[in-house]
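Observations on chain architecture
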Amino acid sequence: MYIGKLTPCQIREMLKKMFLIEARVEGYYNANLPYILNNTIAKFKVIKTNNSEYIVSKVNNGDIFVFDDCNYIKFQMPNLAPVSFQKNNIVYLNYMRDNFKGYADYEAEYNQDTQYMVDFINFCDDLIYQYKLNNKIHTETEMVY
């Protein structure tokens, strides 16, 4: 609902905030601050599914960030293990609260309906499965030639 209301500029701003938080604890992000600041460290797209919208951002090092209206998960290379920190999620939620009136009410509704989380987890599972499958096929194709 709210993901679809974000402009591309707002999404880049939000991603910049999230990557700067990562830079405090992750060497890759800290070493690439200029790329964070000029928004070239990652690409993103908004994916619409049945009743939900998600932001998927692929970082140049292969990490993948996925955001729904009230959560985020980082899939960290090399094995794309899911990582989500409460502190970082609070930064994301505060960004959304600051940009949308009524978001806090939506957030309360979201947290009472487990279907949102089920949909988010299923989306992430499918996304990472497809990414790994495509990456494996791409790697195997390169090895053949």
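Residues numbered from 1 in each chain as written. Predicted model: local features only at pLDDT ≥ 70, side-chain atom pairs only at ≥ 80, totals over all residues. Heavy atoms only, no water.

Considering the packing of helix 1 (residues 8–23) against helix 4 (residues 86–99)
Formally: Interaxial angles span 0 to 180 degrees and are taken between N-to-C directions of axes, which are lines fitted to C-alpha atoms, for helices over the stretch in contact. A run of DSSP states H or I qualifies as a helix once it reaches four residues; a run of E qualifies as a strand once it reaches two. Both are numbered from the N-terminal end. Angle categories: roughly parallel below 35 degrees, roughly antiparallel above 145, roughly perpendicular from 65 to 115, and oblique for all the rest. Crossing handedness follows the turn of the near helix against the far one: under a right angle anticlockwise gives a left-handed crossing, and clockwise gives a right-handed one. Note on contacts: a residue pair qualifies if any of its non-hydrogen atoms lie within 4.5 Å across the two residues. Gly counts as polar in this scheme, as do all residues outside two lists: the nonpolar Ala, Val, Leu, Ile, Met, Phe, Trp, Tyr, Cys and Pro, and the charged Asp, Glu, Lys and Arg.
Following both chains from N to C, one finds helix 1 and helix 4 inclined at 155°, their axes separated by 10 Å at the closest point. It follows from the interaxial angle that helix 1 and helix 4 lie roughly antiparallel. The crossing of helix 1 and helix 4 is right-handed. Where helix 1 abuts helix 4, its residues Gln10, Glu13, Met14, Lys17, Met18, Ile21 and Glu22 lie against Asn88, Val91, Tyr92, Tyr95 and Asn99. Split by residue class, the contact of helix 1 with helix 4 holds six nonpolar, three polar and three charged.

Re the environment of Phe44
The line we're drawing: Using a 1.4 Å probe on the protein chains alone, a residue whose accessible area is under 20% of its type maximum counts as buried, one over 50% counts as exposed, and one in between counts as partly exposed.
Tracing the backbone through its elements, the reader meets Phe44 in strand 1 (residues 42–48). The class for Phe44 is partly exposed, based on a relative accessible area of 28%. For the pair Phe44 and Asn111, spaced 67 residues apart in sequence, the C-alpha to C-alpha distance is 26 Å. Ignoring anything within four residues of it in the chain, the contact list for Phe44 reads Pro8, Ile11, Arg12, Leu15, Ile55, Val56 and Ser57.

Re the pattern of salt bridges
For the record, the criterion: Here a salt bridge means any side-chain nitrogen of Lys or Arg lying within 4 Å of a carboxyl oxygen belonging to Asp or Glu.
Inspection of every chain in the model, using the stated rule, returns five salt bridges. Put simply, Lys74 and Glu22 hold a salt bridge, and the shortest N to O gap is 2.7 Å. Of the two residues, Lys74 sits in strand 4 (residues 72–76) while Glu22 sits in helix 1, which places them 52 residues apart along the sequence. The same class applies to Lys74 as to Glu22, namely buried. Note that Arg97 and Glu107 form a salt bridge whose closest N and O atoms lie 2.7 Å from each other. Here the residue Arg97 occupies a position in helix 4, and Glu107 occupies one in helix 5 (residues 103–112), the gap between them amounting to 10 residues. Overall, the relative accessible area of 35% leaves Arg97 in the partly exposed class. Overall, Glu107 belongs to the buried group, its relative accessible area being 11%. Connected through salt bridges with shared partners, the residues Glu22, Glu26, Asp63 and Lys74 form a single ionic network.

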